[in-house]
Amino acid sequence: MKKILMIVGSFRKNSFNMQLALTAKEMLADKAEVNILQYEDRPFFNQDIETPTPESIERIRRQVMDADGIWIFTPEYNSQIPGVLKNLLDWLSRPVVPGDWKRGSAVRGKAVTIAGVAGKSAAANARANLKELLGKISMNVMGDTGTGFYMNHIIADTGMLQLSEENLRLLKEQAENFVNAI
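Treat the numbers as computed from the prediction; the structure is a model and nothing was measured. (Residues numbered from 1 in each chain as written. Predicted model: local features only at pLDDT ≥ 70, side-chain atom pairs only at ≥ 80, totals over all residues. Heavy atoms only, no water.)

(A) Quick look at unusual backbone geometry. Cis geometry marks the peptide bond from Thr 51 to Pro 52; its omega dihedral reads -5°. Mapped onto the elements of the fold, Pro 52 is located in the loop between strand S2 (32–36) and helix H2 (55–66). Backbone geometry at Asn 14 places phi at a positive 65°, although glycine is not the residue there. Here Asn 14 lies in the loop between strand S1 (2–8) and helix H1 (16–27). Positioned with a positive phi, Ser 79 is a non-glycine residue whose angle comes to about 65°. Assignment of secondary structure puts Ser 79 in the loop between strand S3 (69–73) and helix H3 (83–93). For Ser 79, a relative accessible area of 35% translates into the label partly exposed. (Helix = DSSP H or I, 4+ residues; strand = E, 2+ residues; numbered from the N terminus. Buried < 20%, exposed > 50% of the residue type's maximum accessible area, 1.4 Å probe, protein only.)

Given below as structure tokens:
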């Protein structure tokens with residue numbers, strides 16, 4: 001069974017992107033082993049603490065390397081990806097063996113797909129920026145900029161992500177395409 005590691009770019013309790021990830025996880029229940037990365041304990045990237053590698057980063061790298069594919073769920077803040085997600089990707093882009101770029105990073109060549117929930121943009125800007133960043137750190141981006149979901153005022157008011165039948169179909173299609181591609 002394929003292993004998919006989901007990364008949610010928001011630490012907010014009841015995050016819409018976490019709700020989306022949990023929905024996707026349910027869709028993949030019989031198709032893949034799915035885990036959601038817990039990375040709140042990672043430090044801010046700083047070359048002064050890069051070596052020895054912090055234990056939280058070692059744990060995260062092991063989980064990433066163990067996965068067949070990564071699915072990133074990103075909100076959009078000021079038309080960009082969140083700082084917590086960028087910081088995580090900065091850590092993951094560094095060589096697994098400090099200073100040994102030939103052996104690569106935990107994410108080099110790793111299959112990745114993108115989804116996001118945000119306001120009117122449906123996270124289009126963040127997803128496009130994320131696609132560019134993922135390419136620069138040598139990840140294998142599948143499905144272009146992925147799938148975006150519009151967060152209307154009702155969702156914002158209730159705090160609950162409500163996906164239309166069409167949105168559920170799009171998410172399921174992305175999930176199936178990703179599993180089949182990895």
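(B) Inspection of the nonpolar core at higher detail. Counting 27 residues, the largest nonpolar core has Ile 4, Met 6, Leu 20, Leu 28, Trp 71, Phe 73 and Leu 171 as its most contacted members. Broken down by secondary-structure element, the contributors of at least two residues to this core are S1, H1, S2, S3, strand S4 (111–118) and helix H6 (165–181). Counting residues per element, this core draws most heavily on H1, which supplies five residues. If we ignore the near neighbours within four places in the chain, the residues touching Leu 171 are Leu 20, Thr 23, Ala 24, Met 27, Trp 71, Phe 149 and Leu 163. (Core = buried A, V, L, I, M, F, W, Y, C linked by side-chain atoms within 4.5 Å. Contact = heavy atoms within 4.5 Å.)

(C) Highlighting the side chain of Gln 174. Within the fold, Gln 174 resides in helix H6. With a relative accessible area of 8%, Gln 174 lands in the buried category. In this structure the side chain of Gln 174 is engaged in a polar contact, spanning 2.7 Å, whose partner is the backbone oxygen of Ile 114. If we ignore the near neighbours within four places in the chain, the residues touching Gln 174 are Trp 71, Thr 113, Ile 114, Ala 115, Gly 146 and Thr 147. (Polar contact = N/O pair within 3.5 Å; in protein donor to acceptor, adjacent residues only side chain to side chain.)

(D) Fine view of the environment of Leu 134. Relative to the helices and strands, Leu 134 is located in helix H4 (residues 124–136). If we ignore the near neighbours within four places in the chain, the residues touching Leu 134 are Ile 72, Leu 89, Val 112, Ile 114, Met 139 and Val 141.

(E) Broad picture of the environment of Gly 99. For Gly 99, the location among the structural elements is in the loop between H3 and S4. Overall, Gly 99 belongs to the exposed group, its relative accessible area being 65%. Along the sequence, Gly 99 and Leu 130 sit 31 residues apart, while their C-alpha atoms lie 25 Å from each other.

(F) Region of the structure containing the packing of H2 against H3. Direction vectors running N to C along H2 and H3 enclose 80°, while the axes themselves pass 10 Å from each other. By the criterion of interaxial angle, the relationship of H2 to H3 is roughly perpendicular. Note on element contacts: H3 touches H2 through Leu 88, Trp 91 and Leu 92, opposite Ile 57, Ile 60, Arg 61 and Val 64. The class makeup of the residues in the contact of H2 with H3 is six nonpolar, no polar and one charged. (Axes fitted to C-alpha atoms, helices over the stretch in contact; angles between N-to-C directions. Parallel < 35°, antiparallel > 145°, perpendicular 65-115°, else oblique. Nonpolar A, V, L, I, M, F, W, Y, C, P; charged D, E, K, R; others polar.)

(G) Structural view of the packing of aromatic side chains. Within this structure, the stated rule accounts for four aromatic pairs. With a centroid separation of 4.9 Å and 80° between ring planes, the pair formed by Phe 45 and Trp 91 is classed as edge-to-face. With Phe 45 in the loop between S2 and H2 and Trp 91 in helix H3, the pair connects residues that are 46 residues apart, well separated along the chain. Owing to a relative accessible area of 26%, Phe 45 belongs among the partly exposed residues under this scheme. The structure contains a cluster of three or more aromatic residues connected by ring pairs, namely Trp 71, Phe 73 and Phe 178. Above the face of the Phe 16 ring, Arg 12 is positioned so that its terminal group lies 4.7 Å from the ring centre. Over the ring of Phe 44 we find Arg 42, and its NZ or CZ is 5.7 Å from the ring centre. (Phe/Tyr/Trp six-rings, centres within 6.5 Å; stacked < 30°, edge-to-face > 60°. Lys NZ or Arg CZ within 6 Å of the ring centre and 35° of its normal.)

In short, geometric facts, not functional conclusions.
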